[in-house]
Amino acid sequence: MAGTLECYSCGTRETFPTRRCSCGEPLWFVYPDSTDPGAPGAGVGMWASGAPLPASRPGGFPGAVGNTPMYRADGVVNGTGSVLIKDETVNPTGSFKDRGTAVGAAWAVDRGMERIGTVSHGNMARSIAATGAALALEAVVLVPADIPQDRLGHIGVYGPTLVRVDGDYGSLYEQSYGLESTIEGLFVNSDDPLRIAGQKTIAVEIMAQSDPDAIVLPVSSGGNASAVWKGLRELRRADRIETFPRLYLVQAAACSPIADAYRAGRSRVDPVDPDETVAYSIANADPPSGTRALAAVEATDGAVVSVADDEIVDAQRRLSRRAGRRVEPASSTTLAGLESLLRSGDVDRDETVVLVMTGTGLLASTTEPAEPSAVSLDSLPARLPGFVAD
Ligand SMILES: *Cc1c(COP(=O)(O)O)cnc(C)c1O
Ligand SMILES: [Zn+2]
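What comes next concerns the included structure. (Residues numbered from 1 in each chain as written. Chains lettered and ligands numbered in written order. Predicted model: local features only at pLDDT ≥ 70, side-chain atom pairs only at ≥ 80, totals over all residues. Heavy atoms only, no water.)

**Considering helix H8 (residues 223–237)**
With 15 residues, H8 should reach 21 Å at 1.5 Å per residue; the first-to-last C-alpha distance of 21 Å fits that figure. Within H8, burial applies to Gly223, Asn224, Ala225, Ser226, Ala227, Val228, Trp229, Lys230, Gly231, Leu232, Glu234 and Leu235. Buried residues along H8 sit in contact with strand E3 (27–30), helix H6 (193–199), helix H7 (201–209), strand E10 (214–218), strand E11 (246–252) and helix H10 (290–300). The positive-phi residue at the C-terminal boundary of H8 is Asp239, with phi of around 60°. (Helix = DSSP H or I, 4+ residues; strand = E, 2+ residues; numbered from the N terminus. Expected span 1.5 Å × (residues − 1). Buried < 20%, exposed > 50% of the residue type's maximum accessible area, 1.4 Å probe, protein only. Contact = heavy atoms within 4.5 Å.)

**Points about the coordination of the zinc ion (ligand 2)**
When a metal carries six donors in an octahedron, the ideal angles between them are 90 or 180 degrees, while four donors in a tetrahedron ideally lie at 109.5 degrees. Summarising the metal site, the zinc ion (ligand 2) is bound by the protein donors Cys7 (SG), Cys10 (SG), Cys21 (SG) and Cys23 (SG), whose distances to it range over 2.3 Å. Each of the four donor atoms bound to the zinc ion (ligand 2) contributes to angles spanning 101 to 124°, and the resulting shape is tetrahedral. Positions of the donor residues of the zinc ion (ligand 2), expressed as sequence spacing, correspond to C-x2-C-x10-C-x1-C. With Cys10 in the loop between strand E1 (4–7) and strand E2 (13–14) and Cys23 in the loop between E2 and E3, this residue pair connects regions lying 13 residues apart in the sequence. Residue Cys10 is classed as partly exposed on the basis of its relative accessible area of 43%. (Donors = N, O, S within 2.8 Å, 3.2 Å for Na, K, Ca; no water. Tetrahedral: all angles 85-135°; square planar, octahedral: opposite > 155°, others 65-115°.)

**A word on the nonpolar core**
Ile206, Ile215, Leu247 and Leu249 are the most contacted members of the largest nonpolar core, which has 36 residues in total. Secondary structure elements with two or more residues in this core: E3, H7, E10, H8, E11, helix H9 (257–263), H10 and strand E13 (352–357). Looking at which element gives the most residues to this core, the answer is H8, with six residues. Residues contacting Ile215, with those up to four places away along its chain left out, are Ile206, Val228, Pro245, Arg246, Leu247, Tyr248, Val354 and Val356. The next biggest cluster of nonpolar side chains, apart from the first, holds 34 residues, and it includes Leu27, Ala106, Trp107 and Ile128. (Core = buried A, V, L, I, M, F, W, Y, C linked by side-chain atoms within 4.5 Å.)

**Here's the deal with the pattern of salt bridges**
For side chains of opposite charge, pairing can occur when their charged atoms come near one another. Per the stated rule, a full pass over the model turns up 22 salt bridges. One salt bridge in this structure joins Asp192 and Arg19, with 2.9 Å as the shortest N-O distance. Taken as a pair, Asp192 in the loop between strand E9 (185–187) and H6 and Arg19 in the loop between E2 and E3 lie far apart in primary sequence, 173 residues in all. Residue classification places Asp192 among the buried residues on the basis of a relative accessible area of 0%. Here the salt bridges share partners, and the residues they tie into one network are Lys86, Glu88, Arg99 and Glu205. (Salt bridge = Lys/Arg side-chain N within 4 Å of Asp/Glu carboxyl O.)

**Description of the side chain of Thr118**
Among the structural elements, Thr118 can be located in strand E6 (residues 115–119). From its side chain, Thr118 meets the backbone oxygen of Val188 in a polar contact 3.0 Å long. Residues within four places of Thr118 in sequence aside, it is in contact with Met124, Ala125, Ile128, Val140, Val141, Leu142, Phe187, Val188 and Asn189. (Polar contact = N/O pair within 3.5 Å; in protein donor to acceptor, adjacent residues only side chain to side chain.)

**Quick look at the packing of aromatic side chains**
Applying the stated rule across the entire model yields seven aromatic pairs. Relative to Trp229, the ring of Tyr8 lies with its centre 6.1 Å away and its plane at 70°, an arrangement referred to as edge-to-face. Separated by 221 residues along the polypeptide, Tyr8 in the loop between E1 and E2 and Trp229 in helix H8 bring together distant segments of the chain. Summarising the burial analysis for this pair, Tyr8 and Trp229 share the class buried. (Phe/Tyr/Trp six-rings, centres within 6.5 Å; stacked < 30°, edge-to-face > 60°.)

**Quick look at the environment of Asp309**
Take Asp309: it is sitting in helix H11 (residues 309–323). Through-space distance from the C-alpha of Asp309 to that of Thr333 is 8.8 Å; in sequence the pair is 24 residues apart.

**Focus: the packing of H11 against helix H12 (residues 329–344)**
When two helices pack together, their arrangement is given by the angle between the helix axes and by the axis-to-axis distance. At their nearest, the axes of H11 and H12 sit 8 Å apart, and the two run at 105° to each other. When the axis of H11 is compared with that of H12, the two are roughly perpendicular. On H12, the residues touching Glu311, Ile312, Ala315, Gln316, Arg318 and Leu319 of H11 are Pro329, Ser332, Thr333, Leu335, Ala336, Glu339 and Arg343. Partitioning the contact of H11 with H12 into residue classes produces six nonpolar, three polar and four charged. (Axes fitted to C-alpha atoms, helices over the stretch in contact; angles between N-to-C directions. Parallel < 35°, antiparallel > 145°, perpendicular 65-115°, else oblique. Nonpolar A, V, L, I, M, F, W, Y, C, P; charged D, E, K, R; others polar.)

**Some remarks on the sheet that holds E2**
Read across the open sheet, the three strands follow the order E2-E1-E3; overall the sheet is antiparallel. Strands with a single pairing partner mark the edges of an open sheet, and in this sheet they are E2 and E3. Bridging between E1 and E2 involves two bridges; their strand directions are antiparallel. Across the sheet, the residue bridging to Glu6 is Arg13, located in E2. (Pairing = 2+ DSSP bridges.)

Structure follows, in structure tokens:
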């Protein structure tokens, strides 16, 4: 289904490849009122969710992205609470970004294009590079000149064309779209309408797997929060859900333009001057879908909170030690955010809350344990109850 683009804010309609409304807000794909997003369709992965998508299911792993598991993890909360984890870390390149990339790449394949590109040095870059490799598209990834070798390596393994760019990296987000005719390909940046279309399937899956009071997710560009809201809107319009779960968005305190705007009661998000944070995947100081993310919070009666780096690291450790899941600091913000919401009373301890674990922590190096315990084999039996040496 090809779909038309619409502005959530002023209702203006456009056609792709326009990505932004003349009012300045981002566009998303809309479908005829009769479209039922919740009727499970044929196929695998996110294509089985039934959600209408603007591209056909691609081959290779991109055609199997999504349909991720959900499970209980009450033990991760300090105190009591009813927690469900929506585990996006099991996507092929380790993050939810694969959903949006799959739709973008499928769109390119449907139109006989030979290249897909993105402006990213993290999960989105890896996702585009791997997806391009799987679909025989050349992946063009624009990275900042000072990207650490380790990060570059995790993108480079898939064989993309890597372009190190000097100068104002932030301005490439818009500029890259101007390169599309030159590279005869498609750029799929953080809040691209194609990306939003793919990522909305997270919400459709969550509502098929559970009936939560609230969903907590980390927010950076605001693209994924917008996508989850979009999925919920489509379900609501088709009467597949009666009410919206509350959407709670979490930022790192060191870079929190959306939380700042929320706290100040503003309905627009302005850029901030950020500090460093461990949650490097959510450090967008000038989020292109920030204002739309605020609208999502407003519409679902949620909130935006920010959490400090030490809370983020503590939550990350608890997810490892009490649920056996290693996630990025960007993702553990959801647990730290939930605890803040439990303390403030925004969320009740008996409510069911879904935390979206957006990305894996397995790619990062770690210094744990700080002091490895070493015992000699001779002394080991004494330390293991029930072990009988002969
Ligand atoms: C991209 C990303 C986010 C933020 O998503 P946005 O759509 O930019 O708001 C959160 N967590 C992880 C792991 C990510 O890679
Ligand atoms: Zn508009």
